[in-house]
Amino acid sequence: MKDHFTMDSPQPRLLDETKQGVIGTPMDRPDGPRKVSGTADYTADHAPDGMAHGVLVRATIARGRITGMDRDTVLGIDGVIDVITDPRMIRNPAQGMAGSAPVQTGDEVHYHGQPIALVVAETFEAARDAAQRLTVHYHAEAAAVSPETTPDTETDDPVTAGDFDSSWSAAEVQIDRAYTTPSQAAAAMEPHAAIADWQGDHVTLRSALQMVRFNKAELADTLGIDPSKVRILAPFVGGGFGSKLGLGPEAAAAAIAAQKLGRPVRVVMTRQTVFDTVLRRSETAQRVRLGATKDGRITAISHDDRVSNIDGEGFAEPVSQASQFLYGADGLSFTQTVARIAATPAGSVRAPGEAVGMLAFEAAIDELADALGMDPLELRLKNLPEKHPIDGRPYSARRLADCLTEGAARFGWADRWQAGTRREGDWLIGIGMASAARSNMLVKSSARVRLTGDQAIVETDMTDIGTGTYAILAQITAEMLGLPAANVTVRLGDSDLPGASGSGGSFGANSAGSAVFLAARKLRAEIAERLGCDAEGLTLQNGQARGDNREAALTELVSEEILAEATIQKGKTAKSHFSSGFGAHFAEVAVNEWTGEIRVRRMLGVMSMGRILNEKTARSQALGGMIWGIGAALTEEMQSDPRDGHIVTRDLANYHVPAHADVPGDMQVVFLEERDDWANPIQTKGIGELGISGAGAAVINAISHATSKRAYDYPVLPDRMVALLEG
Amino acid sequence: MYAFDFEKPTTVAEAVAALADDEAQPLSGGQTLIPTLKQRLAMPSKLVSLTGIAEMQGVCTNDAGQLCIGGATPHAVVAAEAASKYPALSALASNIGDPAVRNRGTIGGSVANNDPAACYPSAVLASGATVVTNNREIAADDYFQGLFSTALEEGEIITEVRFPVPQAANYQKFVQPASRFALVGVFVAKFADGVRVAVTGASNDGVFRWTEAEKALSANFSPDALNGLSVSADGMIGDLHGTPEYRAHLIAVMTKRAVAAAS
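Residues numbered from 1 in each chain as written. Chains lettered and ligands numbered in written order. Predicted model: local features only at pLDDT ≥ 70, side-chain atom pairs only at ≥ 80, totals over all residues. Heavy atoms only, no water.

Quick look at the pattern of salt bridges now. Residues and elements named next belong to chain A. Scanning the model with the defined rule gives 63 salt bridges over all chains in all. Between Arg 206 and Asp 41 there is a salt bridge, and its shortest N-O distance comes to 4.0 Å. One end of the pair, Arg 206, is in strand E12 (residues 202–207); the other, Asp 41, is in the loop between helix H1 (32–36) and strand E2 (52–58), with 165 residues separating them in the sequence. Of the charged contacts in the structure, one is a salt bridge between Arg 448 and Glu 459, with a shortest N-O distance of 2.9 Å. With Arg 448 in strand E21 (residues 445–452) and Glu 459 in strand E22 (residues 455–459), this pair connects stretches of sequence that are eleven residues apart. Accessibility expressed as a relative area gives 16% for Arg 448, which makes it buried. The network of salt bridges with shared partners includes Arg 448, Arg 450, Glu 459, Arg 491, Glu 561 and Glu 565. (Salt bridge = Lys/Arg side-chain N within 4 Å of Asp/Glu carboxyl O. Helix = DSSP H or I, 4+ residues; strand = E, 2+ residues; numbered from the N terminus. Buried < 20%, exposed > 50% of the residue type's maximum accessible area, 1.4 Å probe, protein only.)

The subject of this paragraph is empty space enclosed by the protein. Residue and element names in this part refer to chain A. Per the stated rule, a full pass over the model turns up four cavities of 30 Å³ or more. Together, 16 residues line the largest cavity, and Ala 185, Ala 186, Ala 187, Val 274 and Val 278 are the ones closest to its centre. The residue makeup of the lining of the largest cavity, split by class, is ten nonpolar, three polar and three charged. (1 Å grid on protein atoms, 1.4 Å probe; cavity = no way out; pocket = protein on both sides within 12 Å on 5 of 7 lines; lining within 4 Å. Points joined across faces, edges and corners; volume = space filled by probe spheres on them. Nonpolar A, V, L, I, M, F, W, Y, C, P; charged D, E, K, R; others polar.)

Moving on, we get to the domain arrangement of chain A. All names here are of chain A. Here chain A is described as being made up of domain 1 (2–40 + 442–570) and domain 2 (395–440 + 579–727). Using only C-alpha atoms to locate each centre, domain 1 and domain 2 end up separated by 34 Å. Contacts between the two partners involve 31 residues from domain 1 and, on the opposite side, 24 residues from domain 2. Buried area between domain 1 and domain 2, summed over both chains or domains, comes out near 2,200 Å², and the portion from carbon and sulfur atoms is 54%. For domain 1, the biggest contributors to the area lost against domain 2 are Arg 13, Ser 506 and Asn 510; these three give 24% of the whole. (Domains from an automatic or database assignment. Contact = heavy atoms within 4.5 Å. Buried area = accessible area lost by both parts, 1.4 Å probe.)

Okay, the sheet that holds strand E4 (residues 59–61) of chain B next. The pairing of strands in a sheet happens through backbone hydrogen bonds and is either parallel or antiparallel. Residues and elements named next belong to chain B. With respect to topology, five strands assemble into an open sheet ordered E4-E5-E8-E6-E7, the strand pairing being antiparallel. Because the sheet does not close on itself, it has two edges, and the strands there are E4 and strand E7 (137–139). Direction aside, neighbouring strands of the sheet carry axes that sit 25° apart on average. Of the strand pairs in this sheet, strand E6 (residues 130–133) and strand E8 (residues 158–163) are connected by four bridges, and their pairing is antiparallel. Bridge pairing in E8 links Thr 130 to Arg 162. (Pairing = 2+ DSSP bridges. Axes fitted to C-alpha atoms, helices over the stretch in contact; angles between N-to-C directions.)

Bringing the pairing of strand E6 (residues 115–121) of chain A into the picture now. All names here are of chain A. With respect to burial, E6 is a largely interior element, seven of its seven residues being buried. Of the pairings in the sheet, the one linking E2 to E6 comprises six bridges and is antiparallel in character. Within E6, the residue paired with Val 55 across the bridge is Val 119. In terms of strand pairing, strand E4 (residues 80–84) meets E6 through four bridges, oriented antiparallel. Bridging from a neighbouring strand, Ile 84 pairs with Leu 118 of E6.

In the numbering used here, UniProt assigns the feature "domain: Aldehyde oxidase/xanthine dehydrogenase a/b hammerhead" (unreviewed entry) to residues 37–142 of chain A. Helix and strand shares over residues 37–142 of chain A are 14% and 30% respectively, and the end C-alpha atoms of the span are 51 Å apart. (UniProt positions renumbered as here; feature names shortened; annotations may be inferred.)

What follows concerns the packing of helix H11 (residues 469–481) of chain A against helix H12 (residues 508–531) of chain A. Residues and elements named next belong to chain A. Two elements in contact, H11 and H12, have axes separated by 9 Å at closest approach and are oriented at 25°. On the basis of their axis angle, the class for H11 and H12 is roughly parallel. Note on packing geometry: the crossing formed by H11 with H12 is right-handed. Judged by residue contacts, Ile 472, Leu 473, Ile 476, Thr 477, Met 480 and Leu 481 of H11 engage Ala 509, Ala 512, Gly 513, Val 516, Phe 517, Ala 520, Arg 521, Leu 523, Arg 524 and Ile 527 from H12. For the contact of H11 with H12, the per-class residue count stands at twelve nonpolar, two polar and two charged. (Parallel < 35°, antiparallel > 145°, perpendicular 65-115°, else oblique. Left-handed = near helix turned anticlockwise from the far one by under 90°.)

In this section: a negative patch on the surface. Together, Asp 22, Glu 23, Glu 153 and Glu 154 of chain B line one region of the surface with negative charge. Among the residues examined, Asp 22 of chain B registers a relative accessible area of 77% and is labelled exposed. (Patch = residues over 30% accessible without salt bridge, like charges linked within 9 Å, V, L, I, M, F, W, Y side chains within 5 Å. Areas by Shrake-Rupley, 256 points an atom, 1.4 Å probe, with all protein chains shown as cover. Lys, Arg positive; Asp, Glu negative; His and termini not counted. Charge placed at Lys NZ, Arg CZ, Asp CG, Glu CD.)

At the junction of the two partners, chain B supplies 19 residues and chain A supplies 21 residues. Summing the contributions of chain B and of chain A, the shared interface buries around 1,600 Å²; its carbon and sulfur component is 55%. Summed over the shared surface of chain B and chain A, the result is one salt bridge. Our count for the contact surface shared by chain B and chain A stands at eight residue pairs in polar contact (both at pLDDT 80 or more). Sort the elements by how many residues they give to the side of chain B that touches chain A and helix H10 (residues 244–262) of chain B lands first, with six residues. Residues belonging to the side of chain B that touches chain A are distributed by class as follows: eleven nonpolar, five polar and three charged. (Polar contact = N/O pair within 3.5 Å; in protein donor to acceptor, adjacent residues only side chain to side chain.)

Once that is clear, we can look at the sheet that holds strand E2 (residues 24–27) of chain B. Residue and element names in this part refer to chain B. Pairing is parallel across the open sheet formed by three strands, whose spatial order is E1-E3-E2. The open sheet has two free edges, formed respectively by strand E1 (5–7) and E2, since each of these has just one partner strand. Direction aside, neighbouring strands of the sheet carry axes that sit 25° apart on average. Where E2 and strand E3 (residues 46–49) come together, four bridges link them in parallel fashion. By the bridge assignment, Pro 26 is partnered in E3 with Val 48.

Residues and elements named next belong to chain B. Position of Lys 46 among the secondary structure elements: in strand E3. In this structure Lys 46 comes out as buried when scored by relative accessible area, which is 10%. Separated by 21 residues in the primary sequence, Lys 46 and Gln 25 place their C-alpha atoms 6.3 Å from one another. Other than its neighbours up to four places away in sequence, Lys 46 contacts Asp 5, Glu 7, Ala 18, Asp 21, Glu 23, Ala 24 and Gln 25.

Shown next, in the form of structure tokens:
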């Protein structure tokens, strides 16, 4: 039974009719005990018999050609097996959903830190020692490493609606500001890792990856073999945040080395290598122009940006993504410039676009409110557009106004005081808010559900990167088949299973969840037929099937396994309606007037993100996103050597991800009840990235409220804050 | 890690003999040296551990009332044993790095390394302590000679640091939150004959005395005595964690806090 479904029209809300009552509940993760007891098998936990250890060697020039390596000096080190170079090795990880090999450079170096060889040894220690001792000879070439000064830039045609120029020049009140944000790292806890093992001409790769279906194609293309000869396993992934979307250099190198040596090879990146070679988020330079009438109607919106990437990468941080649909105006214009530099390539990192674009845009909205003498909440509420301002599509489900007003009521926004007037000792106190938005997607996804009696098995190559996929797929299946969730086994992260969307762009739960839903729906139809009732009249609960005055246990109806497989893909609703998660963030900060330290004292996020599948894992994701918002506003900044692009913040001591001490105890998340009928048959929206979108801006706006000073360069580090306070 | 020879002598004399070898380097708690080796920024072929030498361990008080701390005494031991005798020094020791650093890292190692962001050098300098080595005694004012540079000769070992105990003292550290090193740390010590103020973390030349503040505080030991005083940003460290201007600004802030806490 294979079902192929295209999302062409709104679907009935079946999950509101089913009776098991497990969907949406804050169920514990079924994989939780394995994780806390250390028995969940992450990639590097495996050590197959005969395994050798590989350590990547990095280039130490920005651009040029490798003219030689002093292999002999390190081949003499005890335990060192080989120094492997190969034209199939890849320059950097594949971009998300690429499905083909990343750039393969042979003996060319394109950036400082590029993996150029793999040292393989009997022990990790010997491999690392040899990798560090290996002398590499280069023919270096001049290269631009700074986006400010590179002569090589590309500017797209602007995205526009109406006539921005005339709306701008006619505006009674104008805000025109420039902002900067630095490069950021995904900083997943688990460093990137791979183990490759060949059986004849078939390769099995264990690797920390987010998108197994695409990664399989990427590895096959990298190696020049047929995808049928590739199997990828990623049952547990220790965080991704975009950094594991695409096949990485460690995986390509492990596969090549294992093939050459005829034994399994494991390559685990050190934290420093992760920073060197895993795709970073581009730094941005942004200009936001807002025009409005004196009574607070926004008439002109422009958000231009400059980002960077290396040659050969199509990805450009979509900085103004949310700015294009949050508020309406008579004229809108968005222009992007990409600066080409010889530096660690850029890619998707935690809410690409919104995470840094909304910092600037929502700060500018706040500044406009100040200039108008309006409450920033009121300004936002007054300017919510009827339809998508650029393409005129209706919104599928949008409770942004409710998020803003509900959040304001819960946070105590009405008690907001005049900026710069509240102090507690040396600390200046302020509150701020921002809208949240993150567009929602559906990506082709397949899943299989097997049912024997009252026991079900879900199979898909979907991944769980710490997000809760094991939990929500069990809940969807249990709800649809009327089983306790404990009766559902979920198998993930194996490319031999039906191909899913993978985890990325917050579309995993929608896409893989819908495929599981559709497969389970097929099984419901089969059960109804066996019971002798209409599928619409079937009730499944606690292993009992009822309908049309008949009742039977699943153990009787399904004595031998039945299975169904389903595939979902986007259809007409993606064109007819615009789907996005929306929300509102509120933050209270304290700014030390003498040291410039900034403490976030409380945060509230109110979000409408469609049906919530698991209240606990959804909350965890939203909280995590809000914490990344604190990082973007206050702590996270990747820095590189201006001479050669060498990243110097290569560990978690120098790249400051917010830790517990940076995060307030009072962090609240509220989900508004919502169903997005146009999004998918389970009426969900993406969750993972909405939490970050706008969260940092609420912190930034609270700083302005506390101090009456506006920062334009983020993060607002203590030295920048003191300079502002003294300025 | 690469392969190297390792010796663990039990007396200072044996350690000095072992260090006569050109390639040898002393290893105390290893909180700086081991990461340095891992990064191959140094590759000595022999390490001589100083942590097995009983005479370099522990905290005691001598006849002159000075607090004498063995060179190989870990920070955690200083934090515990100096608590009643010299609370400001104990507090400094208890706030270095994290528990692992405090249980391994030693006062002698810290003072010998003279990292510009380390805490101990400020206490040694502000207290007017004496650095005792295997063959001499060095006054703090002569000991610190700039970034990672000291009066120690090759192969010379810090066996003890002797601290005069001030009437009042306090250490204020503005912590670089990830590394827990001092972005700026100020140690203020008030003695019968005057006040000493030592600053760590801030200067390109390492720990230094802020003599202008010492003069003001010797006349009037109160935060208000520092009003109007400031440190020039010239020569201050500018790095990922803060500008020179910010560090200069923090020196005044931290000094005031230290005086307020000490008085």
